[in-house]
Each structure stands twice: as structure tokens, then as C-alpha cells.
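Descriptive analysis of the structure
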Amino acid sequence: VNVVVCVKQVPGPDAPARLDAGTHRPAREGEVVLDDADSYSVEVALRLVEEAGGGEVALVSMVPDGAVTGVRTALAMGADRAVVVSDPALAGSDGLGTAKVLAAVVRRSLPDLVLAATESTDGYTGTVPVQLAALLGWPAVSFAKAVALAGDRLRVQRQTDDGSLEVECPLPAVVTVTAGVVEVRYPSFKGIMSARTKPVEQLDLAALGLSPEEVGETGARQQVLSVRAGEARAAGEVVVDDGVAHEQIVAALRTWKIL
Ligand SMILES: Cc1cc2nc3c(=O)[nH]c(=O)nc-3n(C[C@H](O)[C@H](O)[C@H](O)COP(=O)(O)OP(=O)(O)OC[C@H]3O[C@@H](n4cnc5c(N)ncnc54)[C@H](O)[C@@H]3O)c2cc1C
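Okay, so let's go over this structure. (Residues numbered from 1 in each chain as written. Predicted model: local features only at pLDDT ≥ 70, side-chain atom pairs only at ≥ 80, totals over all residues. Heavy atoms only, no water.)

Some words on the side chain of D38
The line we're drawing: Helix and strand labels come from DSSP, where a helix needs a run of H or I of at least four residues and a strand needs a run of E of at least two; each type is numbered from the N terminus. For every residue, the accessible area obtained with a 1.4 Å probe (protein chains only) is divided by the maximum for its type, and the residue is called buried under 20%, exposed over 50%, and partly exposed between those limits. Two residue types count as positive, namely Lys and Arg, and two as negative, namely Asp and Glu; His and chain ends fall outside the count. The term salt bridge refers to a pairing of a side-chain nitrogen on Lys or Arg with a carboxyl oxygen on Asp or Glu at a separation within 4 Å. Throughout, a contact is declared for two residues whenever any of their heavy atoms are within 4.5 Å.
In this structure, D38 sits in helix α1 (residues 36–52). For the buried D38, no salt bridge is present, and the opposite-charge side chain at shortest range is K8, 8.0 Å distant. Not counting residues up to four positions away in its chain, the partners in contact with D38 are C6, V7, K8 and A117.

Encoded structure:
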């Protein structure tokens, strides 16, 4: 089985994601890492290929400046190859623009299955995978808890608020994997060493046959109008216990209508 996993490379913990108040664009400083949300889909893809006894896990990532540090983590986990798309004209892309780029890459290899996370941890619109499925004309199954091949069909357990649903769809399909549903393997030393030499293809828009007008700020149907910082959390009330603190706490809980 051939699986493509969409992996977003996001700012690392040393420079958490934020939107620049002036440009309204994601501030990119420091090294990018594999989005934690995407590590689960990489794990699910590796297990599917292992269980099927053959095939490949290919990665696709759209990112400014051809960054590969996050992609290398997924290659070290065991993915076989990666395609990284970068182009100055991609600046300001919305979810649809991103989906157009990912669809163009998927069409080049026509895998059996595309996996993505339900939402990224920095932009978190949660719209890219379903738009990708619509552009490809493939079924989209969201919030997967478990994924298994059943002949030429795919059986997916979908997470719901109070349990799960079992659904089946024909392949090829796009599936979004819920964060935390599998234990993600750590890259082994051998994996880290071999990731350095695994193929990483760098493409721009022209190589994908996409015009700059379709994507980026010009092609975007969604625009960030303003960026505001959240309100700073007010300091709480400190209760010093002189024997009646419990009464003060109960009174406070009553005021807040918690009791
Ligand atoms: C103001 C602004 C400026 C931007 N500038 C640039 C830029 O200069 N260069 C650039 O490349 N992008 C740029 N982008 C695109 C941005 O980085 C996101 O890829 C895009 O907006 C998707 O949003 P999301 O994180 O909400 O996706 P979600 O729908 O929440 O993501 C869900 C899943 O879809 C997949 N996915 C999403 N994005 C990508 C991706 N980029 N690559 C691979 N898989 C993905 C992942 O599996 C992810 O977990 C910009 C976006 C905005 C809003």
C-alpha cells in the first residue's frame, strides 16, 4: 500500500507560533519541527505499510524557504521519501491554496491513501484535508481512531463524542487522524542516520504546473483582518488559611455559581 502523509512543519518550542501584528502573517523565526499532530498520521501510515508487507510512506510538506528539519524527523521514524514545496508566491496562502499545492503533489504519484491530522497545532483551521479530498474527488473520512485495509477498501473507526463509528470507503481516500490515537515510535539511531540520505525532492510552483495567481495572497479567499493578543490572565485572589479559609472558598464558589 502506498501512503502519502501531509506533514506541516511548524515553529519549534523555542519560538512558539504567533501571527505578526504588522504583516498578519505567521512569524517565522528559529527552526521548524514536525507538527506533533502529524506524528500520529506518520505512525499510522508506517503501521499500514508494515501490516500490508510492502509499499511506501511518502511525505508532502509546504513550507517557506525549503525547510526540511521537521520532515527529517518523519524520515527518521521510517518514512521513505519526501516532497517539499516552497515558493515566495505561497506567502499568505489560505487553506484552499495549501490544499491545491498538496493535491498537485498527490496527483504526481497517485497513492492509495492520503493521511493528514485533523488540525495543525499552529493554524488549526482544520480545513486543508477536506479541501484536498474535494480537489482530488476522493472520499474524506475525518477523526480516525483506527485505520485498516479491507481488500480494495478502507475500514475506519471514527471518534465521536460518546464512542466510535465504524465506516468503510473505497480507495483512494483522504483520512484525518485524531491526535493521540497511537503511540508514536521514537526515531532509532539507525533511522536518524538513514534519514540523512533519504530522497527529499524540492519543488516550486512552476514544477507543479500551478500559477502564482491560484495560491498565496492573490488566490486566497480568506484574509486575516486583524491580529490581537489575548487578554492577560488577571491575578487570582490569594486566601491565607487562618482556620476559616474553607468558608471563604465556599463563598467564592457560590459567587461564581459553581456551587
Ligand atoms: C497569513 C498566512 C501566511 C502564510 N504564508 C505562508 C508562506 O509564506 N509559505 C507557506 O508555505 N505557507 C504559508 N501559509 C500557509 C500556512 O502555513 C498553512 O499551511 C495553511 O494556512 C494551512 O492552515 P492550517 O494550519 O490551519 O491547516 P489545518 O487544516 O489545520 O491542517 C490540518 C492538516 O493538514 C495538513 N497540512 C496543513 N498545512 C500543511 C502544509 N503546509 N504542508 C503539509 N501539510 C499540511 C497537515 O496534515 C495538518 O495537520 C500562510 C498562511 C497564512 C494564514
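A closer look at helix α3 (residues 95–109)
Note the cut-off: Here the expected length of a helix is defined as 1.5 Å per residue gap, with one fewer gap than residues.
Over its 15 residues, α3 runs 22 Å from end to end, which matches the ideal 21 Å to within 8%, given 1.5 Å per residue. Those residues of α3 that are buried lie in contact with β1 (2–6), β4 (56–62), β5 (81–85), β6 (113–117), α4 (128–136) and α6 (205–208). Count one or two residues on from α3 and you reach L110, which has phi positive near 40°.

A word on the environment of S188
Within the secondary structure layout, S188 lies in the loop between β10 (173–177) and α5 (189–195). Taking the C-alpha atoms as reference points, S188 and A76, 112 residues apart in sequence, are found 7.2 Å from one another.

Looking at the site of the ligand
For clarity, the threshold we go by: Throughout, near means a residue has at least one heavy atom within 4 Å of the molecule or strand. What qualifies as a polar contact is a pair of N or O atoms within 3.5 Å, subject to a donor-acceptor requirement within protein and to the restriction that residues adjacent in sequence count only when both atoms come from side chains. Computed with the Shrake-Rupley method and a 1.4 Å probe, the accessible areas treat only the protein chains shown as cover for residues. Basically, the charged four are Asp, Glu, Lys and Arg, the nonpolar ten are Ala, Val, Leu, Ile, Met, Phe, Trp, Tyr, Cys and Pro, and anything else, Gly included, counts as polar.
Around the ligand, 30 residues are found, and the nearest of them are K8, D38, S120, T125 and G126. Within the backbone of V128, a nitrogen or oxygen atom sits 2.9 Å from an oxygen atom of the ligand. Within the complex, the protein chains bury 91% of what would otherwise be the 910 Å² of accessible surface of the ligand. Contributions of two or more residues to the shell around the ligand are made by β4, α3, β6 and α4. Per element, the largest residue contribution to the shell around the ligand is 3 residues, and it comes from β4. A class-by-class count of the residues in the shell around the ligand yields 15 nonpolar, 10 polar and 5 charged.

Some details on the environment of A116
Tracing the backbone through its elements, the reader meets A116 in strand β6. On the basis of relative accessibility, which here comes to 5%, the residue A116 falls in the buried class. Taking the C-alpha atoms as reference, A116 lies 22 Å from G53; in sequence the two are 63 residues apart.

A few points about the nonpolar core
The following threshold applies: Residues grouped as a nonpolar core are buried Ala, Val, Leu, Ile, Met, Phe, Trp, Tyr and Cys residues, joined through side-chain atoms within 4.5 Å.
Grouped together as the largest cluster of nonpolar side chains are 38 residues, with contacts concentrated most on V3, V5, V42, L59, L113, L115 and V175. Residue contributions to this core peak at 7 residues, all from α1. Those residues in contact with L113 that lie beyond four places of it in its chain are N2, V3, V4, L48, L154, L171, A173 and V175. Counting residues in hydrophobic clusters, the runner-up holds 27 residues, among them V60, V105, V174 and L208.

The quantities given are spatial measurements derived from coordinates; they are silent on function.
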